[in-house]
Amino acid sequence: TEEMKAINNKIVNDIMSSMPRFDSDLLKSKASRFLAAHLPLIRTKVKSVLMIIAGTTASKLGQIRQSLYDKTDGIECMNALDSSGVCSWDEAVSGMVDIRVVSHGTSFAPAVDSGKLSIGDNQGVAASNGHNGQQLGSSRRFSLWGALFSNTFSSLVHSLLTTSFHSVHARVVSTLRTSLARAPPFEYMLPHEAHRNALRIATDLDASLRKVSDDAHELLVHAEEREESERRLRQSLYVQTCEIMGRLLNELRRMLLVKQKEEDAIKELIVGRLCHLLKFRLASLPNLLDPKSSPAVLAGLGGGKSTGMISLMELSSSFDLADDDDDGLISIEEAMEAMESAFSGTHFDGAEMVRDTLLLSTSQSGAGDAASGVTNRANGSFAPNKHSSAPQNVTLAELALLSAKGLRHDASGPQSALGTVQSSLDEIVTRCFKGWAQAALSPPLKSFRTKLRETIEVSSTVSDIEWRRMNGLIEKDDDDLLKEIHDPATINDDLTQRQKIVVGHLSPHFLSYLLAVAAVLNRSICPADSLPPVPSLDYAKALGICFSEKEETVNMMVTIRGSLLGEAVSSISQSLKEEVCDIHGGADKELLKQCSPSALIQLLMDVKFVNRCFFERNQNGFLSTSDFVDDSRGVMTRLSQRLSDAVNAAVEDGLSIDRAISERHSQVFVSCGLFLSSIFGEDDRDKHSSLSDSVSNGVGGTSLLLSSSMVTNPLASSRRFTLLPIQAEKSLTELQLRGRYGKKVREEKESKNDVSSGNALGTGFGFLSSMLSTKTR
């Protein structure tokens, strides 16, 4: 072996001595210029070849990457090159290659902090290399892997991620539109079917996002460049996840803009359930949207600031300038102008960012070209559909997600990437179920308003005794009463003073509307809606959701019930405001003067009942405590006060009237508590109220309540929860039937043995004996 090495060294020395002497600087310059001119061509060819084979699985592509690395910068390869005995590979390359000349358009990964560079952005790499070439030239070495494959694979992975996320978005939207198209009519939609479809879409989206992340890690992250490649990958996953969630939120919001029939809100129901589940079921979002993976954080890892990026405040300022009507929406053209203004002075093109992220352009630059090429082989032909309905407007939250590559998000809170997604989902949920509640309660609301209008018209046109006769509040026969009314001798008498003041039952249209609200709630929920939305508070905290101990049970049941309560109190207060109140919001004094005392008492009882239900007994709250709840409370309070003043002015004993009204309310809660408790909650005070005791402080010492009362026994609910039929296994059913049959046979044998064992009753009595034996069993 030693002899062979000596012979080889002698041969090398002879060859080297026989070669002419060249100027080392001239040779280095020519070799460097040659490599600088041809390496981009070779890299482009390598990229095209890799794009052709990109349709394989991530593991196969990862094996190709590992093999290329082993053949260029692998440990075994470098050891073989350094074992020549003449010089090392680095020494030979440093004598032949000028790093500053070759590095234009090329990155040598091990020594570069690419966290400050855009993903797959060769121009940014070249600019950084050219600017820092003087300082980094001594610390950087020429690497075939860095020159040919490193940035190529990074760009390829970014393109594959772009394509994969586009495919996930298209699949989710397509599945949702198919579900909406195949959904039954609004009145036939079963809640468990809507929950199942929404849960499937949310689960598939979470699994798809996790699979894309796992495949990307399997492809790019390797032991030799783990820190560098993982940093690039985490940043790319962060940006792509923000963009897909921004597109998805925009798509979900735009689905609700399509006009449909007034009483058909199946789209709002399904989309609202989906967004509610997306908020709690996307367990992959905390990892993908980790604040430490954001471009701003990774760009500042070196201790410097994230230059070339803007803050949410700057984006919000540009958005507010474009939003002329202050509705929180701007058109796509206005969004492009706002983004151009916000990103002016940076290396980002705001208008192009909007076009690329919203898939408005059929061809994308840079990674977009790669994305379209990869897609045609990996996931079929995917390109932005020219015939599909393109987005018409965007919100600030959507722009904040779509511009994630150039925006500094907060580390936590509502202005973080995860917080922006959660708040946007909450807004869509609130909007969906508000529209759904309006459509679901539209039929009973029409009936309520019609009956209320008729009641007000009758109350303001007939006399008090006629009003009481029409409502069954007088115990005299109709014939005697009519004679008394038309008797000339009693024309000048005050019949009201001769008749006792009685308080009737709650108006049927008020109670009917509230029972309709309870019925809509009961037929719109399934058992899964009552389950907690998260398994624990720690799980919710990881998703960026802050729950207090009181809000721990905020589930779909609470959401649906809150939306129905909000719509109910808003519609009742608005109806009363239109029929009873004046232009200033108070009770119409002229209208109250035209109404009889009994009609005023009846209206006061109805208004107080609404106040008691929604603002006193209501233990569940509303979907959102917004201005409309405060407005409704103000309308009901002012109306109740005006009616109380009118009643006190019309009758002598107003305190007895109030107690009688309270007693009537208690009767309603007891008799209809099974239904009303589902929307307002249970109140123990109503359970102990006495239905038999009457108020004895009325006019003339008589009772203010009618002798006949409402049904006190709760009615059995015809529809609470729609339970799914569970079919038992056939084998289990057969075993149960066999067991019952065998038991019956044994009992018959034992009875026959008892009869034939000498019992006196067993012989000679025939039919009587058989009856006695049956009775003894």
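In this text the structure is predicted, and so the values were computed from the model without any measurement. (Residues numbered from 1 in each chain as written. Predicted model: local features only at pLDDT ≥ 70, side-chain atom pairs only at ≥ 80, totals over all residues. Heavy atoms only, no water.)

Undergrad: Explanation requested: the overall build of the chain in the structure shown.
TA: Helix and strand counts for the chain come out as 35 helices and four strands. Long-range contacts, defined as pairs at least 24 residues apart, comprise 82% of the intrachain contacts of the chain with a sequence gap of at least 6. Roughly 40,600 Å² of accessible area belongs to the chain as shown, and the carbon and sulfur atoms make up 53% of that amount. (Helix = DSSP H or I, 4+ residues; strand = E, 2+ residues; numbered from the N terminus. Contact = heavy atoms within 4.5 Å. Areas by Shrake-Rupley, 256 points an atom, 1.4 Å probe, with all protein chains shown as cover.)

Undergrad: What is the right way to look at a negative patch on the surface in this model?
TA: Negative charge collects at one region of the surface, where D320, D324, D325, D326 and D327 lie side by side. Relative to the assigned elements, D320 resides in helix α15 (residues 312-322). What makes D320 partly exposed here is its relative accessible area of 48%. (Patch = residues over 30% accessible without salt bridge, like charges linked within 9 Å, V, L, I, M, F, W, Y side chains within 5 Å. Salt bridge = Lys/Arg side-chain N within 4 Å of Asp/Glu carboxyl O. Lys, Arg positive; Asp, Glu negative; His and termini not counted. Charge placed at Lys NZ, Arg CZ, Asp CG, Glu CD. Buried < 20%, exposed > 50% of the residue type's maximum accessible area, 1.4 Å probe, protein only.)

Undergrad: Looking at this structure, I do not really get the confidence of the model for the chain. What am I missing?
TA: When pLDDT is averaged along the chain, the result is 75; 71% of the residues meet or exceed 70. Every residue in residues 362-388 scores below 50 in pLDDT, and together they form 40 contacts with partners more than four places removed in sequence or on other chains. Scored below 50 in pLDDT, residues 707-724 shows 36 contacts in the model against residues more than four places distant or in partner chains. (pLDDT = per-residue confidence, 0-100.)

Undergrad: Looking at this structure, how should I read the packing of helix α21 (residues 442-459) against helix α25 (residues 508-523)?
TA: Angle between the axes and distance between the axes: these two values describe a pair of packed helices. In contact at an axis separation of 9 Å, α21 and α25 are set at 170° when each is read in the N-to-C sense. Considered as vectors, α21 and α25 are oriented roughly antiparallel to each other. Seen from α21, the contacting residues are P444, L445, F448, K451, L452 and T455; seen from α25, they are H509, F510, Y513 and A516. (Axes fitted to C-alpha atoms, helices over the stretch in contact; angles between N-to-C directions. Parallel < 35°, antiparallel > 145°, perpendicular 65-115°, else oblique.)

Undergrad: Hey, could you run me through helix α32 (residues 673-680) in this one?
TA: The periodicity of an α-helix, 3.6 residues per turn, causes residues three or four places apart in sequence to face the same way. For α32, a buried count of six out of eight residues is recorded, marking the element as mostly surrounded by other parts of the structure. Within α32 the residues assigned to the buried category are G673, L676, S677, S678, I679 and F680. On the buried face of α32, the contacting elements are α25, α27 (556-579), α29 (597-617) and α31 (654-671). Backbone geometry just downstream of α32 places G681 in the positive-phi region, at approximately 90°.

Undergrad: For this particular structure, what's the right way to read the environment of R33?
TA: Note on placement: R33 falls in helix α2 (residues 24-52). Spatially, the C-alpha atom of R33 lies 8.7 Å from that of D98, the residues being 65 residues apart in sequence.

Undergrad: Looking at this structure, how should I read the packing of aromatic side chains?
TA: Describing an aromatic ring pair means giving the distance of the ring centres and the angle of the ring planes. Applying the stated criterion across every chain yields a total of seven aromatic pairs. Ring geometry for F448 versus F510: centroids 5.0 Å apart, planes at 85°, classification edge-to-face. Here F448, found in helix α21, pairs with F510, found in helix α25; they are 62 residues apart in sequence, far enough to count as distant. Just as F448 is buried, F510 falls in that class too. Among the aromatic residues, those joined into a ring-pair cluster are F448, F510 and Y513. (Phe/Tyr/Trp six-rings, centres within 6.5 Å; stacked < 30°, edge-to-face > 60°.)

Undergrad: How should I be thinking about the packing of α29 against α32 in this particular structure?
TA: The interhelical angle for the contact between α29 and α32, taken along N-to-C directions, is 50°, at an axis separation of 10 Å. Relative to α32, the element α29 is oriented oblique. Seen from above, α29 lies across α32 with right-handed handedness. Counted together, F609, C613, F614 and R617 of α29 and L676, S677 and F680 of α32 form the full contact between these two elements. Across the contact of α29 with α32, the residue classes tally to five nonpolar, one polar and one charged. (Left-handed = near helix turned anticlockwise from the far one by under 90°. Nonpolar A, V, L, I, M, F, W, Y, C, P; charged D, E, K, R; others polar.)

Undergrad: Could you clarify how one ought to interpret the nonpolar core in this entry?
TA: What tends to happen in soluble globular proteins is that the nonpolar side chains get buried as a cluster. Membership of the largest hydrophobic core comes to 138 residues, with the highest contact counts inside it found for L252, W436 and F614. Looking at this core element by element, the count peaks at 15 residues for helix α9 (residues 144-182). Setting aside chain neighbours within four positions, we find F614 in contact with L514, L565, A568, V569, I572, F622 and F680. Of all hydrophobic cores here, the second largest spans 23 residues; its members include A338, L399, L402 and L407. (Core = buried A, V, L, I, M, F, W, Y, C linked by side-chain atoms within 4.5 Å.)

Undergrad: Would you mind going over the state of the cysteines with me for this structure?
TA: Covalent bonding between the sulfur atoms of two cysteines defines a disulfide. Under the criterion given, the structure shown has zero disulfides. No disulfide involves C275; its sulfur sits 5.6 Å from the nearest other cysteine sulfur, which is in C432. On the basis of relative accessible area, C275 is assigned to the buried category, the value being 0%. (Disulfide = S-S within 2.5 Å.)

Undergrad: Teacher, can you tell me more about unusual backbone geometry here?
TA: What is expected of a backbone is that most residues other than glycine have negative phi and most peptide bonds are trans. Positive phi values are uncommon outside glycine, yet D326 reaches one of about 55°. Among the structural elements, D326 can be located in the loop between α15 and β2 (330-331). Since its relative accessible area comes to 63%, D326 is described here as exposed.

Undergrad: How do you make sense of the environment of E187 when you look at a structure like this?
TA: On the secondary structure map, E187 appears in the loop between α9 and α10 (191-220). On the basis of relative accessibility, which here comes to 57%, the residue E187 falls in the exposed class. Considering only alpha carbons, one finds E187 and A440, 253 residues apart in sequence, at a separation of 8.8 Å.

Undergrad: Before we go on, may I ask you to explain the pattern of salt bridges in this structure?
TA: For side chains of opposite charge, pairing can occur when their charged atoms come near one another. Inspection of every chain in the model, using the stated rule, returns 15 salt bridges. We note a salt bridge from D206 to R210, for which the minimum N-O separation is 3.0 Å. Here R210 and D206 lie together in helix α10, a separation of four residues that amounts to about one turn. It is possible to trace a salt-bridge network through shared partners that takes in R177, E251 and R254.

Undergrad: Explain the side chain of Q240 to me, please; I cannot follow it from the model alone.
TA: Among the structural elements, Q240 can be located in helix α11 (residues 226-255). A relative accessible area of 2% means that Q240 is categorised as buried.

Undergrad: Explain α29 to me, please; I cannot follow it from the model alone.
TA: Over its 21 residues, α29 runs 28 Å from end to end, which matches the ideal 30 Å to within 8%, given 1.5 Å per residue. Of all 21 residues making up α29, 19 are buried, and the element is well covered by its neighbours. (Expected span 1.5 Å × (residues − 1).)

Undergrad: Sorry if this is basic, but what is going on with the environment of D529 here?
TA: Mapped onto the fold, D529 is located in the loop between α25 and α26 (537-542). Residue D529 is classed as buried on the basis of its relative accessible area of 2%. Sequence separation between D529 and P191 is 338 residues; the distance between their C-alpha atoms is 9.1 Å. If near-sequence neighbours (up to four positions away) are discounted, D529 is found in contact with H195, R273, S524, N555, M556, M557 and I560. A polar contact is formed between the side chain of D529 and the backbone nitrogen of C526, at a distance of 2.9 Å. (Polar contact = N/O pair within 3.5 Å; in protein donor to acceptor, adjacent residues only side chain to side chain.)

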